[in-house]
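Geometric and topological summary
Residue strings, one per chain:
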Number of protein chains: 2
Amino acid sequence: MLIVNKMEYNAKQLQIINVAERLFAGKGFSGTSIRDIAHEADINVSMISYYFGSKEKLIEALFEVRSVESTTRLETIIANDDLTPIQKVFILIDSAIDRLMGNQSFHNIMLREQLSGEDRTQVISDLIFDLKLKNWKGLDTIIKEGQNNGHFREDIDVLLLSATLYGTVNQVITTQSFFRKINNLEHLTQEEFEKDLKLKLSKHLKSIFKATVAYETIE
Amino acid sequence: MLIVNKMEYNAKQLQIINVAERLFAGKGFSGTSIRDIAHEADINVSMISYYFGSKEKLIEALFEVRSVESTTRLETIIANDDLTPIQKVFILIDSAIDRLMGNQSFHNIMLREQLSGEDRTQVISDLIFDLKLKNWKGLDTIIKEGQNNGHFREDIDVLLLSATLYGTVNQVITTQSFFRKINNLEHLTQEEFEKDLKLKLSKHLKSIFKATVAYETIE
DNA sequence: ATAAACTAAACAAACGTTTGATTTATTCAA
DNA sequence: TTGAATAAATCAAACGTTTGTTTAGTTTAT
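Here's what I pulled together on the structure shown here. Here the structure is a predicted model, which is why all the values come from computation and not from measurement.

What follows covers the pattern of salt bridges. All names here are of chain B. Throughout the structure, instances matching the rule amount to 20 salt bridges over all chains. One salt bridge connects K200 with D196, and the closest N-O pair in it is separated by 3.1 Å. Of the two residues, K200 and D196 are both situated in helix α11 (residues 190-213); the distance of four residues between them amounts to about one turn of the helix.

Expressed as a screw operation, the relation of chain A to chain B combines 0.0 Å of axial shift with a rotation of 180 degrees, fitting to an RMSD of 0.0 Å. Taken together, the rotation and translation relating the two chain copies correspond to the operation of a two-fold axis. Residue G167 of chain A, judged by its C-alpha, is the member of chain A lying nearest the rotation axis, at 2.1 Å. Comparing interface residues between copies, 100% of those in chain A also lie at the interface in chain B; the contact surface is shared.

It is worth spelling out the protein's contact with DNA strand D at this point. Of all residues adjacent to DNA strand D, which total 15 residues, the nearest are I34, R35, S54 and K55 of chain A together with Y51 of chain B. Near the protein, within 4 Å, the atoms of DNA strand D are sugar or phosphate in 47% of cases. N44 of chain B has a polar side-chain atom sitting 3.2 Å from a base nitrogen of DNA strand D. Y51 of chain B places a side-chain nitrogen or oxygen 3.0 Å from a phosphate oxygen of DNA strand D. Taken together, the elements giving at least two residues each to the surface near DNA strand D come down to α2 (34-41) and α3 (46-52) of chain A together with α3 (46-52) of chain B. With four residues, the single largest contributor to the surface near DNA strand D is α3 of chain B. Here the surface near DNA strand D is composed, by residue class, of four nonpolar, seven polar and four charged.

Basis of the calculations
Residues numbered from 1 in each chain as written. Chains lettered and ligands numbered in written order. Predicted model: local features only at pLDDT ≥ 70, side-chain atom pairs only at ≥ 80, totals over all residues. Heavy atoms only, no water. Salt bridge = Lys/Arg side-chain N within 4 Å of Asp/Glu carboxyl O. Helix = DSSP H or I, 4+ residues; strand = E, 2+ residues; numbered from the N terminus. Least-squares fit on C-alpha atoms with pLDDT ≥ 70 in both. Contact = heavy atoms within 4.5 Å. Near = heavy atom within 4 Å. Polar contact = N/O pair within 3.5 Å; in protein donor to acceptor, adjacent residues only side chain to side chain. Nonpolar A, V, L, I, M, F, W, Y, C, P; charged D, E, K, R; others polar.

This is a description of form; function is not addressed.
Structural data, given as structure tokens:
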């Protein structure tokens, strides 16, 4: 299992991390200089080395902070005994949409890291692997529960199904300006647009999942 | 409509483009130096400026070359009158899988560019927009055809459906090492693994699309 | 008085690009 | 076909910036 660095970060460090997150998301890790970050965060360039040691360690710190923030959600969904498997699946979908759309900058960076051929650091690779594993196991547990109850099909490829879930959400997020243009929603504010998008995405994915995992119309 | 630069590239230029494609995919545009490219392509650094003008123009040339290569497929599928709409959808799915898995480096770069906040150049943005538009219109045409024939549902969000198609394929490609580990397929060669992956992905997406667009089990 | 926070300046290395010279190819009249 | 003339291709070296990091000194807090 993964050993998480229990380092705590003070307000200034978190401020730097937040700025770095925004810039890394927009211009990539290599495309962002520590002078960019220092300027935007209104600090001296040397403070980044002073607080984090290096630029590499800074992105590691970013991953550590953001990773722990998104690991606690799944467990609570699965543990809830009052919900049927299909209800849990639906909540999992909405949870994934909220999580990915609510932390677009960080997930943008994570997508970039996954696209990288050589891993930047083992720390980041491990954290990403751990997140993927938890996401997959979360869905897998729910699916198996539904199969044991006899409500879900037996021939479900959970790995591909979670690829459809996270892939669809990622695709929608990265091409949202295209969505906006094609659907003639350019008059909406970003907030209104995101709300509309979340709703459509939720319906779309729930419909797909229902048709894929459940035998017939249930619930 | 988009004006495509009809520039022709000689063998040496194409060699540079191929090396650049591989390195950009692995380390990103900013993360790849022209000295990296020159070294791998076994040429002098100045040849890149000599042939393309700049590093920026090099990636533009890469996009121009690879874009024209993948625009002609869709039209031929749609134009075929011997196929039913659902058959066309299935061929579209397999075509997308083949295209994305067959040009992983270029699509890796394209994904990175889409993640970029500020566009690197208008040329690249236009080419990506044009590709997305064609992909969407291709699916839209087929869906509308199926709706006119009465075989397809009326309430289909084609934009979300194409997001599921391309998003799922992208997700599978970027996380294929995770797939391999979880499915215990590490003994297979890359070629064998990709073949297996393509097959599973094809079945998965066809099953989803069938359930989503068609009224009931047809053909 | 000790430690932490912060700064301007300097550092060497790497960056994309340009220069000027040299080699290789092509052109074309003799 | 030859050979000078022109163009294209290639090269090592240097250009001025920008890069991440360190240093040495100053300010602020404990």
